[in-house]
Amino acid sequence: MKPQLDLTKTYAIALEGGGAKGAYEIGVWKALEEMGVKYNAVAGTSVGALNGAMMAMRDLPRAISAWKDISLEKVIDFEKGQEENLRKIVSGEIELGDIQQIFSQALDLIRKGGLDVAPLRAWVREVVDAARVKASDVQLFVETVSITDRKGLDICVNELEEDEVCDMLLASAYHPTFRLEKLGGKLYTDGGFIDNLPVDVLIENGYKDIIAVRIPSKIKFQRKYKIPEDVRIWYVDTDADLGGTLNFTAEQAQRDMALGYYDAWHDLCGLYGKHYYIERSMTEREAFSQILERYLRRTPDISLRELCEKELPRLAKGLEVEGDYYDLFIALLEVAAEERGIENMRFYTDTEFLTLIRETPPLPKDEPSEETAAEEPDAAEEAVEPAEERPEAEKVEVLASCE
């Protein structure tokens, strides 16, 4: 697989904040190293600042090891049995049955002034070598908000005193639920409140070629800025569930690193697929022939005009496909692969993917209960429903994996 970006250039990297989801960025970094991407600047917010420090150290093995060994105990100090409720409080994912218990715990946190992050302080000093960061050939910028000075700050970490480095990394990642404690004599809060993806600081410092790594979040704050004509930004992002902000577990971190790794190859090498990673070798005409052959086998009486002008556009709409017939073909293959339980965390060529689908039988469907069966429409009733109301039914008819 060949990256679409110019490997003769040197890039600047922007890393978004996202708490425990930050493991995703380490997976992206691993892919960049394998591609041979050179970088000389990193800008990070919150967990992106912490990951950026390890990128400035150019120590990928240390970063992978740190995240593989992560746990909530290494981030905050809490009493036994509080872990799940703490995650719900921070993420806002509180269910009705949890309210009484969580409300009591939230009040206790307020009385104590917030979460005790002494473990996070220790973890940052364990994984970050301040001397190496300061002396690095990689320029490191972090975002934070000074509560004391009532303003947002763009900080060049390389210009700090060595004993200030870890404090300013913590300042960028200081979540509002954390107990307020002074860092370097001042109070700070999370840089995500001013700019969760600090691309603008890279542009302001003259960087023209930027790779921005996004982390999904319900709430995002980002500065508005104009992208100059001579600046090119490549994005790596995902719509996958990376877990909660405080879901600091080794298992989740390893999954997120794997997703970041594969997504980087997908987005920077032009791979196809929403949930799979597929390298293209077929032409659109060849893909269309595959769709046509299997569709006509199932519905031989349909006219080609009706197929091309009505059925396939409706199918593409049901699958939310934009693009040409090759994109539709890949979407159909993905549906078939999911029905067969085919592993998605690996690379495929389109022909290899098609062959594997043909050779793999669909997973058995669960037998419906009597109650469920009573709710399901009779097959005869379903057959007379207008086709345009049944895009899911048509998926099964035209899957490129038909036996």
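1. Brief notes about helix H1 (residues 23–35)
Thought 1: Here H1 is 13 residues long and its end C-alpha atoms lie 19 Å apart, about the 18 Å a rise of 1.5 Å per residue gives.
Thought 2: Across the 13 residues of H1, 10 count as buried, placing the element largely inside the fold.
Thought 3: By the burial criterion, the buried members of H1 are Ala23, Tyr24, Glu25, Ile26, Gly27, Val28, Trp29, Ala31, Leu32 and Met35.
Thought 4: Among the residues trailing H1, glycine 36 stands out with phi positive, at a value near 90°.

2. Concerning the layout of surface pockets
Thought 1: As a volume, the second largest pocket reaches approximately 360 Å³.
Thought 2: Along the wall of the second largest pocket there are 16 residues; nearest its centre are Lys274, Leu319, Val321, Ala331 and Glu334.
Thought 3: Per-element tally for the lining of the second largest pocket: the top contributor is helix H13 (residues 325–339), with 6 residues.
Thought 4: For the lining of the second largest pocket, the residue count by class is 6 nonpolar, 3 polar and 7 charged.

3. What about the pairing of strand E1 (residues 10–15)?
Thought 1: Here E1 lies mainly inside the structure; 5 of its 6 residues are buried.
Thought 2: Pairing geometry for E1 and strand E2 (residues 38–45), over 6 bridges, is parallel. By the bridge assignment for E2, leucine 15 is matched with glycine 44.
Thought 3: A crossover connection joins E1 to the parallel E2 through H1; in handedness this β-α-β unit is right-handed.
Thought 4: The sheet contact formed by E1 and strand E6 (residues 209–213) spans 4 bridges and is parallel. The residue bridging alanine 14 from the neighbouring strand is alanine 212, located in E6.

4. A few points about the pattern of salt bridges
Thought 1: Across all of its chains, the model carries 18 salt bridges by this definition.
Thought 2: Here arginine 214 ties to glutamate 16 by a salt bridge, and the two come within 3.1 Å at their closest N and O atoms. Of this pair, arginine 214 sits in the loop between E6 and strand E7 (232–236) while glutamate 16 sits in the loop between E1 and H1, placing them 198 residues apart in sequence.
Thought 3: One salt bridge in this structure joins arginine 305 and glutamate 309, with 3.2 Å as the shortest N-O distance. Linking arginine 305 with glutamate 309, this pair stays in helix H12 (residues 304–318), spanning 4 residues, or about one helical turn. Like arginine 305, the residue glutamate 309 is exposed in the burial classification.
Thought 4: Connected through salt bridges with shared partners, the residues Asp59, Arg62 and Arg132 form a single ionic network.

Definitions and limits used
- Residues numbered from 1 in each chain as written.
- Predicted model: local features only at pLDDT ≥ 70, side-chain atom pairs only at ≥ 80, totals over all residues.
- Heavy atoms only, no water.
- Helix = DSSP H or I, 4+ residues; strand = E, 2+ residues; numbered from the N terminus.
- Expected span 1.5 Å × (residues − 1).
- Buried < 20%, exposed > 50% of the residue type's maximum accessible area, 1.4 Å probe, protein only.
- 1 Å grid on protein atoms, 1.4 Å probe; cavity = no way out; pocket = protein on both sides within 12 Å on 5 of 7 lines; lining within 4 Å.
- Points joined across faces, edges and corners; volume = space filled by probe spheres on them.
- Nonpolar A, V, L, I, M, F, W, Y, C, P; charged D, E, K, R; others polar.
- Pairing = 2+ DSSP bridges.
- Right-handed = clockwise from strand over helix to strand, strands pointing away.
- Salt bridge = Lys/Arg side-chain N within 4 Å of Asp/Glu carboxyl O.

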